[in-house]
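Below, each chain spelled out in residue letters.
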Amino acid sequence: MTIRWRSTLPRVIAILLATSVIGVNVALAGDDGGDMPNSTATVAPSLPASSNWAGYVATSGGLTGSLLGSGTGGVTEAHATWTIPTLTCNGTTSFSSAWVGIDGYASGTVEQIGTWHYCVYGKAFYGAFAQMYPSPAVFPHFLLHPGDVVQAAVHYQGGDSFAVSLKNVTTGASYGTTMTQRNAQRSSAEWVVENPSFNGNTHQLANFSPVLFTNAGATINGSAGVINDLRWRNAPLVMLGVSGLHLAAPVPLSLGGSSFLVTKL
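None of the values given here were measured: they were computed from a predicted structure.

A. Spatial organisation of the overall build of the protein chain. Looking only at helices and strands, the protein chain has 0 helices and 21 strands in total. For the protein chain, the proportion of its 265 residues judged to be buried stands at 53%. Across the protein chain, contacts joining residues at least 24 apart in sequence account for 68% of those joining residues at least 6 apart. With the model as given, the accessible surface of the protein chain reaches about 10700 Å², and the carbon-plus-sulfur share is 52%.

B. Region of interest: the nonpolar core. The biggest cluster of nonpolar side chains holds 45 residues, and the ones touching the most others in it are Trp82, Ile113, Trp191, Phe208, Phe213, Phe260 and Val262. The greatest single-element share of this core, amounting to 5 residues, is contributed by strand S17 (residues 211–220). Other than its neighbours up to four places away in sequence, Phe208 contacts Pro85, Thr86, Leu87, Ser96, Val193, Ala248, Val262, Thr263 and Lys264. The next biggest cluster of nonpolar side chains, apart from the first, holds 16 residues, and it includes Phe95, Trp99, Val120 and Tyr133.

C. Region of the structure containing the state of the cysteines. Tallying each qualifying case throughout the model produces 1 disulfide. In this model Cys89 forms its disulfide with Cys119; the gap between the sulfur atoms is 2.0 Å. Between Cys89 and Cys119 the disulfide shows an S-S torsion of about -75 degrees. By sign, it is left-handed. Here Cys119 lies in strand S9 (residues 110–120) and Cys89 lies in the loop between strand S7 (75–83) and strand S8 (97–102), a separation of 30 residues in the sequence.

Calculation criteria
In every chain, residue numbers begin from 1 and rise along the written sequence. Only residues with pLDDT of at least 70 are given local features in this predicted model, and only at 80 or more are side-chain atom pairs given and counted; all residues enter the totals for whole chains, interfaces and linings. Calculation of side-chain values draws on the structure's entire complement of heavy atoms; hydrogens and water are dropped beforehand. Comment: elements are numbered from the N terminus, with helices defined as DSSP H or I runs of at least four residues and strands as E runs of at least two. Type-normalised accessible area, obtained with a 1.4 Å probe on protein chains alone, sets the label of each residue: buried when under 20%, exposed when over 50%, and partly exposed for intermediate values. We call two residues in contact whenever any of their non-hydrogen atoms come within 4.5 Å of each other. What sets the accessible areas is the Shrake-Rupley method with a 1.4 Å probe; for residues, cover comes only from the shown protein chains. Think of a nonpolar core as a cluster: buried Ala, Val, Leu, Ile, Met, Phe, Trp, Tyr and Cys residues, connected wherever their side-chain atoms sit within 4.5 Å. When two cysteine sulfur atoms are found within 2.5 Å, that pair is recorded as a disulfide.

Function cannot be read off these values alone, since they describe shape.
The structure is reproduced here in C-alpha cells:
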C-alpha cells in the first residue's frame with residue numbers, strides 16, 4: 001500500500017508500503033475446544049512462518065504431501081470482524097495493520113481491505129485502507145479508535161471487479177467501493193495482522209494489544225463456511241523476525257472455527 005499522511009499527522013511524506021506475498025509452508029490449524037479463542041493458549045513453535053503476516057489462510061486447493069495446495073480460483077468472498085488494538089508507543093516509528101483479503105498466499109496479487117495502526121514520533125494513529133496489490137492502496141477518511149469493532153469483506157464480482165467494504169460497528173461509519181484487479185487467481189483467503197513494509201523493507205512492528213478476529217469466513221468453490229470448514233484447507237501463520245524470533249502469532253481457532261486472537265510476542 002502507498003500512504004500519504006494527512007495534514008493532522010506529523011510531517012512524514014509518502015511512505016511507501018507493500019504487502020508481501022508469502023510462500024507455501026503450511027500446517028493444519030488447531031482447535032481450542034471453545035466458542036471463542038483461548039487467550040492463554042500456547043503458541044506452537046512449529047507453526048509455519050511469514051516475514052510479515054500473522055493469522056490464518058484458507059485455500060481452495062488440497063494437500064500436496066504436508067503442504068497446503070495453492071488453489072484453483074474458487075475463492076469469491078472473505079469476511080471478518082475484529083477489534084482495533086491499543087498501541088503502546090515508545091517514541092519510535094512502528095507499524096501494524098489488520099485485514100481480510102483474497103490471494104497473496106501463493107499468488108502475485110492481493111485483494112484486501114483493513115485497518116492500519118501506526119506509532120509515529122511516539123503517537124498512535126489509526127485509519128483504514130483498501131488495496132488491489134500491487135497497485136497503490138487507497139486511504140479513505142475513516143475515523144477509528146482503540147477498541148472499536150469493525151466488519152470487513154471482499155467480494156469477487158466477476159471479470160476483474162472486486163467490491164470491498166468496511167464498517168465501524170462502534171460508530172456506525174461505513175465505507176465501500178469497487179476496485180479492479182487483473183489476473184487475480186482467487187486461490188486463497190486470509191485473515192491477517194501484518195507488519196507493513198515500505199520502500200521494500202520491513203521495519204519495526206508496533207506494540208499492539210491482542211487483536212480479536214470473530215465471524216471470520218469465506219466462500220470457496222461456491223460454498224460459504226468458517227476458516228476451518230472441512231471443504232477446504234487452512235493453516236495458521238506466525239510472523240518471524242529477521243533474527244529468527246517470533247514477533248506475532250495466532251492462537252488456535254475457536255471450536256466454531258471463526259474466531260482467533262493474534263498476539264504480539
